[in-house]
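Below are the chains, spelled out letter by letter.
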Amino acid sequence: MIAGTNTSKNYLKKTKGKIKDFKNERKRSGEGIESEMVTVLKRFRIEIRAYHGGTLHGKDVRKLMNDSSDIFMLFANILKAKRMQVRRQCDRSSMQKV
């Protein structure tokens, strides 16, 4: 019973470490979904106000709504590309385990 608990704790510790490493790598690379979406908004001169908790207000909302079809098409492309990227990474990692 105790040996099983130690094994589980070690596995959990390793997994948390891998998740932390992954998150740190994504932050450094600047290739995260959020950073790409913010870049799209900046391209349309839409600013997310940090002093309002990262929300849109006033003229930025109007800009977003005026260009919403273009902006959300770009958002969809980013999400699709990231989904494919994650699938490839998962496929590679599952192949390495075999």
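Refer to the preceding data block for the structure.
Predicted, not measured: the structure shown is a model, and the values here were computed from it.

(A) Here's a closer look at the overall build of the chain. Scanning the chain from terminus to terminus reveals 4 helices and 0 strands. Listing every helix and strand of the chain by position from the N terminus yields α-α-α-α. Counting all 98 residues of the chain, 11% fall into the buried class. Partitioning the intrachain contacts of the chain with sequence separation of at least 6 by distance along the chain shows that 51% fall at a separation of at least 24.

(B) How the structure looks around the nonpolar core. One finds Met37, Val40, Leu41, Ile46, Leu64, Ile71, Phe75 and Ile78 forming the largest nonpolar core, which totals 8 residues. Of all the secondary structure elements, the ones that give two or more residues to this core are helix H2 (33-43) and helix H4 (68-97). In this structure, Phe75 is in contact with Met37, Val40 and Leu41, ignoring residues within four places of it in sequence.

(C) Examining the side chain of Asp60 more closely. Tracing the backbone through its elements, the reader meets Asp60 in helix H3 (residues 59-66). With relative accessibility at 2%, the residue Asp60 sits in the buried group. One polar contact links the side chain of Asp60 to the main-chain amide nitrogen of Glu47, over a distance of 3.3 Å.

(D) Examining the packing of aromatic side chains more closely. In total, this model carries 1 aromatic pair according to the counting rule given. Their ring planes at 90° and their centres at 5.5 Å tell us that Phe72 and Phe75 sit as a pair that is edge-to-face. On the criterion of helical spacing, the pair formed by Phe72 and Phe75 is a turn pair, its members being 3 residues apart in helix H4. For Phe75, a relative accessible area of 13% puts it in the buried group.

(E) Structural context of H2. By the burial criterion, the buried members of H2 are Met37, Val40 and Leu41. The arc that holds the buried residues of H2, viewed along the axis, is 100°, so those residues lie on one side. Opposite the packed face of H2, turned more than 90 degrees from it, sit the exposed residues Lys42 and Arg43. After H2 finishes, the residue Arg45 shows a positive phi value of roughly 60°.

(F) Seen up close, the pattern of salt bridges. Taken as a whole and judged by the stated rule, the model has 1 salt bridge. Two residues, Glu36 and Lys82, come together in a salt bridge whose shortest N-O distance is 3.0 Å. Of this pair, Glu36 sits in helix H2 while Lys82 sits in helix H4, and the two are 46 residues apart along the sequence.

(G) View of unusual backbone geometry. For Arg45, which is not glycine, the phi torsion reads 60° and is therefore positive. Inspection of the secondary structure assignment puts Arg45 in the loop between H2 and H3. By relative accessible area, which is 64% here, Arg45 ends up exposed.

Rules of the game
- Throughout, residues of each chain are indexed from 1 in the direction in which the sequence is written.
- Only residues with pLDDT of 70 or above have their local features reported here, since the model is predicted, and side-chain atom pairs are shown and tallied only from 80 upward, although totals for entire chains, interfaces and linings are computed over all residues.
- Think of the side-chain values as coming from all heavy atoms in the structure, minus any hydrogens and water.
- In DSSP terms, a helix is any run of H or I states spanning at least four residues, a strand is any run of E spanning at least two, and both are numbered starting from the N terminus.
- Exposure categories follow from relative accessible area, calculated using a 1.4 Å probe and restricted to protein chains: below 20% of the type maximum is buried, above 50% is exposed, and the middle band is partly exposed.
- In this analysis, two residues are considered to be in contact whenever any of their non-hydrogen atoms come within 4.5 Å of each other.
- Nonpolar cores were defined as sets of buried Ala, Val, Leu, Ile, Met, Phe, Trp, Tyr and Cys residues, with membership established by side-chain atoms within 4.5 Å.
- Distance and chemistry together define a polar contact, namely a pair of N or O atoms within 3.5 Å, with one atom able to donate a hydrogen and the other to accept it when in protein, and with adjacent residues in sequence counting only for side-chain atoms on both sides.
- Ring geometry is summarised as follows: Phe, Tyr and Trp rings, the Trp one being its six-membered ring, pair when their centres sit within 6.5 Å, and such pairs are stacked at plane angles under 30 degrees, edge-to-face over 60 and tilted between the two.
- This arc corresponds to the set of directions leading from the helix axis out to the C-beta atoms.
- Salt bridges, as used here, are contacts in which a Lys or Arg side-chain nitrogen is within 4 Å of a carboxyl oxygen on Asp or Glu.

So, to be careful, I would describe these as geometric facts and stop short of saying anything about function.
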